[in-house]
Amino acid sequence: MASGAAIADDYTCTGADRSPALAWSDAPDSTKSFALIVDDPDAPSGTFVHWVAYDIPPGVTSLPAGVPQTTEIAGGGTNGINGFEHIGYNGPCPPPGKMHHYHFHLFALDSTLTPGDNADAVAVQSAMTGHVVATAELVGTFQR
């Protein structure tokens, strides 16, 4: 998916609702882990979180499509709790009407995190404070 492009139905509630494949490169040498937060700032009730993942190992440079909704991510990492109160990814599912923008925020961190069990975005963001060495962002759109 190119930044600014529409998110395919397969990755939304109108399709299979599975996570899209993501890839990144050129992380700083000081990276000890990655964290990922996917959110929708256009949601009617304020920013809504669709995916929280953290402690992704520094050697990992991609996540495949369809990461299972389990606490542990194959190959390393932990899925947190999203705004639907589910583990892992749940895709775009806005009310019919206006276009929504989904921000895939990747954080390179100089440590691993200990946000506690069943961590949500607030807990992960708090644990990341002072440890972010680089960030990347991809924005996808979806409208029903």
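Cut-offs applied
Residues numbered from 1 in each chain as written. Predicted model: local features only at pLDDT ≥ 70, side-chain atom pairs only at ≥ 80, totals over all residues. Heavy atoms only, no water. Helix = DSSP H or I, 4+ residues; strand = E, 2+ residues; numbered from the N terminus. Buried < 20%, exposed > 50% of the residue type's maximum accessible area, 1.4 Å probe, protein only. Disulfide = S-S within 2.5 Å. Arc of directions from axis to C-beta. Contact = heavy atoms within 4.5 Å. Polar contact = N/O pair within 3.5 Å; in protein donor to acceptor, adjacent residues only side chain to side chain. Phe/Tyr/Trp six-rings, centres within 6.5 Å; stacked < 30°, edge-to-face > 60°.

Enquirer: Mind showing me how you'd approach the environment of A74 here?
Expert: Mapping A74 onto the fold places it in the loop between β4 (62–63) and β5 (78–79). Taking the relative accessible area as the measure of exposure, A74 reaches 72% and is therefore exposed. With 11 residues separating them in the primary sequence, A74 and L63 have C-alpha atoms 9.2 Å apart.

Enquirer: Sorry if this is basic, but what is going on with the state of the cysteines here?
Expert: Taken as a whole and assessed by the stated rule, the structure comprises one disulfide. Put simply, C13 and C93 are joined by a disulfide, and their sulfur atoms are 2.2 Å apart. Taking the sign of the S-S torsion, about 80° here, the bridge from C13 to C93 comes out right-handed. Separated by 80 residues along the polypeptide, C13 in the segment before β1 (22–23) and C93 in the loop between β5 and β6 (100–109) bring together distant segments of the chain. The exposure class of C13 is partly exposed, given its relative accessible area of 29%. Here C93 falls in the partly exposed class, since its relative accessible area comes to 32%.

Enquirer: Sorry, what's going on with helix α1 (residues 121–128) here?
Expert: It helps to recall that an α-helix has 3.6 residues per turn; residues three or four apart then point in one direction. Listed as buried for α1 are A121, V124 and M128. Along the axis of α1, the buried positions cluster into a sector of 65°, meaning they face one direction only. Away from its buried face by more than 90 degrees, α1 exposes V122 and S126. Where α1 is buried, its residues contact β2 (33–40), β3 (48–56), β6 and β7 (132–142). For α1, the capping residue at the N-terminal end is D120, with a side-chain oxygen 3.3 Å from the backbone nitrogen of V122. Backbone geometry just after α1 places G130 at a positive phi near 85°.

Enquirer: Looking at this model, I keep getting lost on the side chain of N90. Mind explaining?
Expert: Tracing the backbone through its elements, the reader meets N90 in the loop between β5 and β6. Overall, N90 belongs to the buried group, its relative accessible area being 8%. For N90, the side chain forms a polar contact with the side chain of N82, separated by 2.9 Å. Reaching out from N90, the side chain makes a polar contact with the side chain of H86 at a distance of 2.8 Å. Dropping the residues within four chain positions of it, N90 is found in contact with D17, H50, Q69, N82 and F84.

Enquirer: What should I look at first to understand unusual backbone geometry in this one?
Expert: Most peptide bonds adopt trans geometry, and most residues besides glycine take a negative phi value. For D55, which is not glycine, the phi torsion reads 55° and is therefore positive. Note on placement: D55 falls in strand β3. Although it is not a glycine, N118 adopts a positive phi angle of roughly 50°. Residue position: N118 is located in the loop between β6 and α1.

Enquirer: What am I meant to see in the packing of aromatic side chains here?
Expert: Following the criterion strictly, the structure yields three aromatic pairs and no others. With a centroid separation of 4.8 Å and an interplanar angle of 70°, the aromatic rings of F48 and F84 are classed as edge-to-face. A residue pair is termed long-range when its members are at least 10 positions apart, and F48 in strand β3 and F84 in the loop between β5 and β6 qualify at 36 residues. The class for F84 is partly exposed, based on a relative accessible area of 32%.

Any functional reading would require information beyond the geometric quantities listed.
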